[in-house]
Amino acid sequence: MLLNDVLPTEGTGLPNPHERFTVLYNTYQARVYGYAASRAGHQLAEEVVSETFLVAWRRLDDIPEQAQLQWLFRVARNILRDNFRQAARRESLEAELRTWIKEAVADVGEHATERLAVLRALATLSDDDKEILTLTTWHGLATSEAAEVLGCSKAAFFVRLHRARRRLQSAIDATDTITNQKPVIVPGGELR
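Reading the values: rules and limits
Residues numbered from 1 in each chain as written. Predicted model: local features only at pLDDT ≥ 70, side-chain atom pairs only at ≥ 80, totals over all residues. Heavy atoms only, no water. Salt bridge = Lys/Arg side-chain N within 4 Å of Asp/Glu carboxyl O. Helix = DSSP H or I, 4+ residues; strand = E, 2+ residues; numbered from the N terminus. Buried < 20%, exposed > 50% of the residue type's maximum accessible area, 1.4 Å probe, protein only. pLDDT = per-residue confidence, 0-100. Contact = heavy atoms within 4.5 Å. Polar contact = N/O pair within 3.5 Å; in protein donor to acceptor, adjacent residues only side chain to side chain. Axes fitted to C-alpha atoms, helices over the stretch in contact; angles between N-to-C directions. Parallel < 35°, antiparallel > 145°, perpendicular 65-115°, else oblique. Left-handed = near helix turned anticlockwise from the far one by under 90°. Nonpolar A, V, L, I, M, F, W, Y, C, P; charged D, E, K, R; others polar. Expected span 1.5 Å × (residues − 1). Arc of directions from axis to C-beta. Phe/Tyr/Trp six-rings, centres within 6.5 Å; stacked < 30°, edge-to-face > 60°.

**Regarding the pattern of salt bridges**
Right, on to step 1. As enumerated under the stated definition, the model contains five salt bridges in all.
Right, on to step 2. Residue Arg77 pairs with Glu131 through a salt bridge whose shortest N-O separation is 3.2 Å. Of this pair, Arg77 sits in helix H3 (residues 68–83) while Glu131 sits in helix H6 (residues 127–137), placing them 54 residues apart in sequence. Across the pair, exposure class does not vary: Arg77 and Glu131 are buried alike.
Right, on to step 3. Where salt bridges share partners, they join Arg39, Arg77 and Glu131 into one cluster.

**Let's talk about the confidence of the model for the chain**
Right, on to step 1. On average, residues of the chain carry a pLDDT of 79, and 72% of them reach 70 or more.
Right, on to step 2. Note that residues 1–12 has pLDDT below 50 and, in this model, 27 contacts with residues that lie over four places away or in other chains.

**Regarding H6**
Right, on to step 1. Counted residue by residue, H6 has nine buried out of 11 residues, so it is predominantly covered.
Right, on to step 2. Along H6, the residues classified as buried are Asp127, Asp129, Lys130, Glu131, Ile132, Leu133, Thr134, Leu135 and Thr136.

**Some words on the side chain of Ser38**
Right, on to step 1. Mapping Ser38 onto the fold places it in helix H1 (residues 17–40).
Right, on to step 2. Since its relative accessible area comes to 11%, Ser38 is described here as buried.
Right, on to step 3. A polar side-chain atom of Ser38 sits 2.8 Å from the main-chain carbonyl oxygen of Tyr35.

**What about the packing of H6 against helix H7 (residues 143–150)?**
Right, on to step 1. In contact at an axis separation of 9 Å, H6 and H7 are set at 140° when each is read in the N-to-C sense. When the interaxial angle is binned, H6 and H7 end up oblique. As H6 runs across H7, the sense of the crossing is right-handed. On H7, the residues that touch Glu131, Ile132, Leu135 and Thr136 of H6 are Thr143, Ala146, Val149 and Leu150.
Right, on to step 2. Of the residues assigned to the contact of H6 with H7, the class counts are five nonpolar, two polar and one charged.

**Topic: helix H2 (residues 42–58)**
Right, on to step 1. Compared with an ideal rise of 1.5 Å per residue, which puts 17 residues at 24 Å, H2 spans 25 Å between its outermost C-alpha atoms and is within 8% of the ideal.
Right, on to step 2. Of all the positions in H2, only Leu44, Ala45, Val48, Val49, Thr52, Phe53 and Ala56 are classed as buried. Along the axis of H2, the buried positions cluster into a sector of 165°, meaning they face one direction only. For H2, exposure combined with an orientation more than 90 degrees from the buried face picks out Gln43 and Arg58.

**Structural notes on the side chain of Thr134**
Right, on to step 1. Mapping Thr134 onto the fold places it in helix H6.
Right, on to step 2. Residue classification places Thr134 among the buried positions, given a relative accessible area of 6%.
Right, on to step 3. Of note is the side chain of Thr134, whose polar atom sits 3.3 Å from the backbone oxygen of Glu131.

**Some words on the packing of aromatic side chains**
Right, on to step 1. Taken as a whole and assessed by the stated rule, the structure comprises five aromatic pairs.
Right, on to step 2. An angle of 70° between the planes, with centres 4.8 Å apart, marks the rings of Tyr25 and Phe53 as edge-to-face. With Tyr25 in helix H1 and Phe53 in helix H2, the pair connects residues that are 28 residues apart, well separated along the chain.

**Remarks on the packing of H1 against H2**
Right, on to step 1. Between H1 and H2, the shortest axis-to-axis distance is 8 Å and the interhelical angle comes to 150°. Relative to H2, H1 is oriented so that their crossing is right-handed. Residues Pro17, His18, Phe21, Leu24, Tyr25, Tyr28, Gln29, Val32, Tyr33, Ala36, Ala37 and Ala40 of H1 form the contact with H2, whose own contacting residues are His42, Leu44, Ala45, Glu46, Val48, Val49, Thr52, Phe53, Ala56 and Trp57.
Right, on to step 2. Looking at the contact of H1 with H2 residue by residue, the class counts come to 17 nonpolar, four polar and one charged.

If you want it as structure tokens, here you go:
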């Protein structure tokens with residue numbers, strides 16, 4: 001539901017700001033939390049979500065109607081970059097990835113092996129590469145939306161995405177060489 005879908009306050013012709021904010025929060029809180037958790041881990045995600053929606057409340061009239069999620073992701077990204085030390089984010093994210101890797105080991109079958117290889121390879125990438133890959137793959141944003149979150153052009157995002165996929169594939173190949181596992185398909189890439 002977009003903010004335009006909220007009924008106007010009686011007599012003013014404008015939606016009530018509290019109702020607009022409530023709709024915004026109820027619609028996007030879980031996705032902003034998922035984004036924050038993937039970037040900073042669950043320990044810091046709640047704080048990032050709170051600060052993001054505080055900014056949204058203060059700047060409610062500045063939120064573009066057709067790009068609300070991207071706007072919120074950009075605010076969350078700025079909060080992560082500006083307010084939290086990189087070391088704390090890295091430690092929290094690495095702890096999350098270790099948890100995911102442990103869960104992947106418990107999985108059964110062929111997909112567990114592929115998932116483990118991708119997660120191990122992903123853990124070796126830079127924060128920027130992780131963000132680029134997860135915005136489209138895990139968070140389901142279109143490339144134009146992800147580019148907007150990062151504050152770059154669609155063309156620049158495609159270049160960054162291509163490079164991040166190449167680095168992920170190289171990391172997977174290095175893992176495969178060490179463990180002699182079978183080939184893995186990188187999301188959006190080819191069978192290697």
